[in-house]
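# Tertiary structure, described
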Amino acid sequence: MTNSAAPHLLPVFARADLGFERGEGCWLIATNGDRYLDFTSGVAVNALGHAHPALVKALQEQATKLWHMSNLFQSPDGEKLAARLCKESFADFVFFCNSGAEALEGVIKLVRHHHFSKGHPERFRIITFEGAFHGRTLATLAATGSAKYLEGFGPPMDGFDQVPHGDIEAVKKAIGPQTAGILIEPIQGEGGVRSAPPGFLKALRQLCDEKGLLLAFDEVQTGMGRTGDLFAHRRTGVTPDVMSLAKALGGGFPIGAFLATADAAAGMGPGSHGSTFGGNPLAISAANAVLDVMLKPGFFDHVQKMSLLLKQKLASVIDRHPDVVSEVRGEGLLIGIKAVVPSGDLAAALRHEKLLTVGAGDNVVRFLPPLIVTEAEIEDSVARLERACAAISSSQTKRAAS
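Residues numbered from 1 in each chain as written. Predicted model: local features only at pLDDT ≥ 70, side-chain atom pairs only at ≥ 80, totals over all residues. Heavy atoms only, no water.

Helices and strands together make up the secondary structure of the chain, namely 12 helices and 17 strands. For the chain, the C-alpha radius of gyration of 21 Å lies close to 21 Å, the compact-globule estimate for 402 residues. With respect to the principal axes defined by its C-alpha atoms, the chain has extents near 70 × 55 × 45 Å. Contacts in the chain between residues far apart in sequence, at least 24 positions, make up 72% of those at least 6 positions apart. Distance between charge centroids for the chain: 1 Å, based on 39 positive and 42 negative side chains. (Helix = DSSP H or I, 4+ residues; strand = E, 2+ residues; numbered from the N terminus. Rg over C-alpha atoms; globule rule 2.2 N^0.38 Å. Contact = heavy atoms within 4.5 Å. Lys, Arg positive; Asp, Glu negative; His and termini not counted. Charge placed at Lys NZ, Arg CZ, Asp CG, Glu CD.)

Printed below as a string of structure tokens:
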């Protein structure tokens, strides 16, 4: 990993010494012409792959009309997108922004403001979970609660009570007179592709109903088809009061959103929140095009079919290389492989085989292919994993013998 090729970019990313000039579907073409199978998808962003015709057409057409306008005026296309998202979800209202972190900031503000508007300003605290990742702003860092992200930025913002993931008794103990809501990812992505224990999300919903709390789902990574349905919570049978979206919402064009019921959004009137660029016409056109594709019959059936195939193939690799990989986890095409060797070594070996993946917590490597991935590309990815595991095993054997 190196930053030498980008001396004027703030060195906050450990960038691979690899650059790309274009993409085609599930493939990226490097500046030297090499082709890489992209199972990173911009960290679950490029859900429709690269240069998808529907997205290209939508952006080209919108680029000749209007790039930006103030939110002081009506947005017919934005209203259309909001109505579509509400129709497909539990929500009555949508707020558009620019990123996942901004969407989570909005969620946090809404949860707090909900209780303020009902005469309980003392209720502002939100329960979050160990292993979570909610963003890089000061509030979302505090919600995340990870020391490695918080270090160096002063005292964490107050208002978050973190408990062990999946521990319902710990949640109950954390609820007090100042508690406003509970914030959770249906599946922890950055935290290592960790699902909640069976019944846990339903227990949270019941607790929120009993205590008058808001249940907030962070679906920045799990939303927009990644787990085999438009939203991950639809596969759990649990409905939140508010939800964040971003990443795949624009298929690669920056856009975020938070969705809420009318009751949850009570009191969010003019001036209570805003965003200069949120819901700009280019982003809205991209998101509407993404929905056009995803809502076609059979789209999510394909995701689920590819998920099953990928999991089966990955399990067979684990059987043959237990010294390198040990577990497959996740849903849909949010797949994690728990490594026995350091996960960075596995990701590097895969990159050597021209398969791009992304790391996560708990020594996991994520496989995040575009949702349009084909059976042949799934087979290809597993063959590359097989070669990478064989190379790592061979290297370990040589080191042991020397």
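For the structure shown, the criterion picks out six aromatic pairs. With 5.9 Å between their ring centres and 90° between their planes, Phe39 and Phe367 make a pair best called edge-to-face. Here Phe367 lies in strand β17 (residues 364-367) and Phe39 lies in the loop between β3 (35-38) and α1 (41-44), a separation of 328 residues in the sequence. Considered together, Phe39 and Phe367 belong to a single accessibility category, that of buried residues. (Phe/Tyr/Trp six-rings, centres within 6.5 Å; stacked < 30°, edge-to-face > 60°. Buried < 20%, exposed > 50% of the residue type's maximum accessible area, 1.4 Å probe, protein only.)

Our next topic: the sheet that holds strand β13 (residues 325-331). Pairing within the open sheet is antiparallel, and its four strands lie in the order β13-β14-β17-β16. Taken across any chain shown, the strands that pair with only one partner, and hence form the sheet edges, are β13 and β16 (358-360). The sheet shows a mean angle of 30° between the axes of neighbouring strands, taken without regard to direction. Looking at chain direction, strand β14 (residues 334-339) and β17 are connected through four bridges and run antiparallel. Residue pairing for β17: Ile335 is matched across the bridge by Phe367. In the packing of helix α11 (residues 343-352) onto the sheet, the strands contacted are β13, β14 and β17, and the crossing angle to β17 comes to about 35°. (Pairing = 2+ DSSP bridges. Axes fitted to C-alpha atoms, helices over the stretch in contact; angles between N-to-C directions.)

The feature "modified residue: N6-(pyridoxal phosphate)lysine" (unreviewed entry), as given by UniProt, occupies Lys247 in the numbering adopted here. Topologically, Lys247 is positioned in the loop between β11 (242-245) and β12 (256-260). On the basis of relative accessibility, which here comes to 22%, the residue Lys247 falls in the partly exposed class. Setting aside its immediate chain neighbours within four residues, Lys247 contacts Val43, Ala44, Val45, Val220, Gln221 and Ile255. There is a polar contact of 3.0 Å between the side chain of Lys247 and the backbone oxygen of Val43. (UniProt positions renumbered as here; feature names shortened; annotations may be inferred. Polar contact = N/O pair within 3.5 Å; in protein donor to acceptor, adjacent residues only side chain to side chain.)

In this section: the domain arrangement of the chain. Entries for the chain in the domain assignment read domain 1 (20-51 + 297-401) and domain 2 (66-295). Domain 1 and domain 2 are separated by 28 Å when their C-alpha centres are compared. Counting residues at the interface gives 29 residues for domain 1, matched by 26 residues for domain 2. Carbon and sulfur atoms supply 60% of the area that domain 1 and domain 2 bury against each other, a total of about 2200 Å² over both sides. Among the residues of domain 1 in contact with domain 2, Phe300, Glu331 and Leu334 are the three that bury the most area, contributing 28% of the side total. Joining domain 1 to domain 2, the criterion identifies two salt bridges. Salt-bridge contacts for Arg235 lead to Glu331; the nearest nitrogen and oxygen are separated by 3.6 Å. Contributing elements (two or more residues each) for the side of domain 1 that touches domain 2: α1, α10 (299-320), β13, β14 and β17. Take the side of domain 1 that touches domain 2: its biggest share by element is four residues, from α10. (Domains from an automatic or database assignment. Buried area = accessible area lost by both parts, 1.4 Å probe. Salt bridge = Lys/Arg side-chain N within 4 Å of Asp/Glu carboxyl O.)

According to the stated counting rule, one finds 23 salt bridges in the structure shown. A salt bridge links Lys313 to Glu379, with the nearest nitrogen and oxygen atoms 3.5 Å apart. Of the two residues, Lys313 sits in helix α10 while Glu379 sits in helix α12 (residues 375-401), which places them 66 residues apart along the sequence. A network of salt bridges, in which partner residues are shared, links Glu21, Arg22, Glu24 and Arg35.

Turning our eyes to something else, we now look at the nonpolar core. Counting 63 residues, the largest nonpolar core has Leu85, Met224, Met294, Leu346, Phe367 and Leu385 as the members making the most contacts within it. Here this core gets nine residues from one element, more than from any other, and that element is α10. Both domains that meet at this core, namely domain 1 (20-51 + 297-401) and domain 2 (66-295), each give it at least three residues. Contacts of Leu85, omitting those with residues within four sequence positions, involve Val94, Phe96, Phe231, Leu245, Leu249, Leu259 and Leu291. Ala103, Ala139, Ala180 and Ala265 belong to the second largest nonpolar core, which has 24 residues in total. (Core = buried A, V, L, I, M, F, W, Y, C linked by side-chain atoms within 4.5 Å.)

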